[in-house]
Structure formats: structure tokens, C-alpha cells
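Architecture at a glance
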Amino acid sequence: MLFGERGIEIKSPDQIAKMRVAGLLVGRTLELIREAVRPGVTTGSLDALAEDTIRSGGGIPSFLGYGYPPFPATICASVNDEVVHGIPGDRVLHDGDVISVDCGAIVDGWHGDAAITVAVGEVEPAVLELMRITEESMWQGFAAARLGGNVGDISHAIESYVTSQPHPSGGSFGILRDYTGHGIGTEMHQPPNVPNFGKPGKGPKLRRGLALAVEPMITLGSRDTVVAEDEWTVITADGSMSAHFEHTFTLTPQGPWILTALDGGEERLAAMGVPFGGR
Ligand code: MF3
Ligand code: CO
């Protein structure tokens, strides 16, 4: 394996093609979960759906057994003020909740990692707006990424998009500082970190063969979080609602290629006037 500047794993085009296979499995799994979310379902049933889908697609759930204490499930299921790393179980989803589902899989040794936040039934407009802004900030990050640029270009694009958006009740959004996106490849978490705030032109160079998971975690209130007694679930310190979106992506000479998006990100990038890197 080739490692470049600061221990960043550099993938060959063939290896990126393998990451695309893993990414598509993660993307398909999250689409099935999106369709399954409704009032009355448990987070545990979503986890079972994800595990079945990943295993029958030839993958291995990457979260299962990860870290310490070992993460006990295939997905992270984080409801309302839970931002990330929620443990699925008996919790029943109710009308008005939002659930963030994070999912990772390994296929043939290569990782994909992605997350979506989904509304359960009818959700308050302010929370829908939070979801929209969080997802859009991630795409702004991809749009700012180019070969020869820096990781800070992505971070800055996310932060400046979020701070440019009017807050539904006149406050400001919380952009988590304690958790970041990351390099990804033969392991789920690799250097470099990809913070959701920062300065353009700073940080490691964006070069060919890099793969990054970009994952804004945004709240309607404070950016401060606490970890629950289960030692995993990350909750907003002020109880405010939160959203989380994530995709794994790479840069080819043509442009960004979103490895966990079913269409590679082509449609969304085109709408932003950004060339598609996936062909
Ligand atoms: N996939 C998460 C991330 O985006 C991390 C999941 S932690 C685990 O970085 F324990 F659930 F694996
Ligand atoms: Co991630």
C-alpha cells in the first residue's frame, strides 16, 4: 500500500473501483433504511435490515465490534438530540422524530461509510431546515474540493455555508468541533481529519488517490456535546435537535466522485455546476 504525506493512504484507480463497490452497498443499504423509517418502527429493526442487506451483498458491517467498548451494531441510530453513534435497540420512532443513520461496510477489504438523517412522519419546519442545511453543506464541501487544493477548502465551504443560512429562530447553528470527517480506505478511520470548520488553503493537499468521508454534524443550538452512559451515544449538551449527513468521496482528474451515492453524485454536482469525476 502506498502512503503519502502525513500517513495518508493513496489508492490506485483499481483500488478506488473496489471502494466504489463498498460505497454502493452502503448507499443501497441506506436507501432501504430511508424507505423503512416510519412511526412505530424500532431502531433495532433498522439495524437488522442493514445487517441483512450488507451481508447478502457480500459485505461485512464495519461498525460491529469497532472501538472500545466494542460497538454492538451494524448502524448508528441517533434520534433527535442524539447527534451520532447512537446504539440501535428497542427504541420506537415517533411522529416528529428525526433519525440519523450512519452505516459502514467492508467489501473485499475496502470501506464505505455514509449517513443520512430522515424525518419520521411530520417534522417541525425548523428541523427540516436543519436537515436541508446539513446535507447541502456536505455538497458544498464536495464542490469546493479540487486536486491541488487542501482539506481546509472542504472544511471552510461547509462552515461558511452553514453560517450563511438564516437560523429558523434567529440563533445560530452549532457545528460540532469534537467530531470530524476522516480519511478512509483499508480502514474506516484514517488520516487526515476533515473538520467541519476551517480555513481555505490549510491542511493536507487534496491529491489523486485520496478518499475522504465528509460528515457535517449540525445542531439547532449548541455545538457542545456529551457522551451518554452507554459510552457511545453523542448528545447535544443543550438538548437541541441535530442532523448528520455523510458520504465517502474521491477526486479524479475530472472532478469529485461520491462513492457512496447511488449515481456517484452526478446529478447533484451537475446542479451545482461541478464536473463529475466518476467517468
Ligand atoms: N461511521 C462513523 C463515522 O462516520 C463512526 C461509527 S463509530 C462505530 O466516522 F463505532 F459505530 F463504528
Ligand atoms: Co465517517
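For the structure itself, consult the block above.
Quantities reported herein were computed from a predicted structural model and do not represent experimental measurements.

1. Points about the coordination of the cobalt ion (ligand 2)
- Here the cobalt ion (ligand 2) is held by D113 (OD), H182 (NE2), E215 (OE) and E246 (OE), and the distances to it run 2.0 to 2.4 Å.
- Each of the 6 donor atoms bound to the cobalt ion (ligand 2) contributes to angles spanning 52 to 176°, and the resulting shape is irregular.
- Each donor residue of the cobalt ion (ligand 2) belongs to the same chain, with the gaps between them written as D-x68-H-x32-E-x30-E. In this pair, H182 is assigned in strand β9 (residues 181–183) and E246 in the loop between β15 (242–244) and β16 (247–252), connecting sequence segments 64 residues apart.
- Residue classification places H182 among the buried positions, given a relative accessible area of 3%.

2. Notes on the site of ligand 1
- Close contacts around ligand 1 come from 13 residues, with F63, D113, H189, E215 and E246 the closest.
- Between ligand 1 and D102, the relevant distance is 3.2 Å, taken from an oxygen atom to a side-chain nitrogen or oxygen of the residue.
- In this structure, an oxygen atom belonging to ligand 1 sits 3.1 Å away from a side-chain N or O atom of H182.
- Isolated, ligand 1 exposes 330 Å² of accessible area, and the fraction of that covered by the protein chains is 98%.

3. Some details on the nonpolar core
- Of all hydrophobic cores here, the largest spans 70 residues; its most connected members are L46, I99, I154 and F249.
- Membership of the second largest hydrophobic core comes to 6 residues, among which are F63, F71, A73 and C76.

4. Focus: the side chain of N196
- Within the secondary structure layout, N196 lies in the loop between β10 (190–194) and β11 (211–214).
- Judged by relative accessible area, which is 0%, N196 ranks as buried.
- Side-chain polar atoms of N196 contact the backbone oxygen of E215, separated by 3.2 Å.
- Setting aside chain neighbours within four positions, we find N196 in contact with S155, I158, E159, I175, Y179, E215, P216 and M217.

What counts, and where the lines are drawn
Residues numbered from 1 in each chain as written. Chains lettered and ligands numbered in written order. Predicted model: local features only at pLDDT ≥ 70, side-chain atom pairs only at ≥ 80, totals over all residues. Heavy atoms only, no water. Donors = N, O, S within 2.8 Å, 3.2 Å for Na, K, Ca; no water. Tetrahedral: all angles 85-135°; square planar, octahedral: opposite > 155°, others 65-115°. Helix = DSSP H or I, 4+ residues; strand = E, 2+ residues; numbered from the N terminus. Buried < 20%, exposed > 50% of the residue type's maximum accessible area, 1.4 Å probe, protein only. Near = heavy atom within 4 Å. Polar contact = N/O pair within 3.5 Å; in protein donor to acceptor, adjacent residues only side chain to side chain. Areas by Shrake-Rupley, 256 points an atom, 1.4 Å probe, with all protein chains shown as cover. Core = buried A, V, L, I, M, F, W, Y, C linked by side-chain atoms within 4.5 Å. Contact = heavy atoms within 4.5 Å.

These figures come from the coordinates and say nothing about function on their own.
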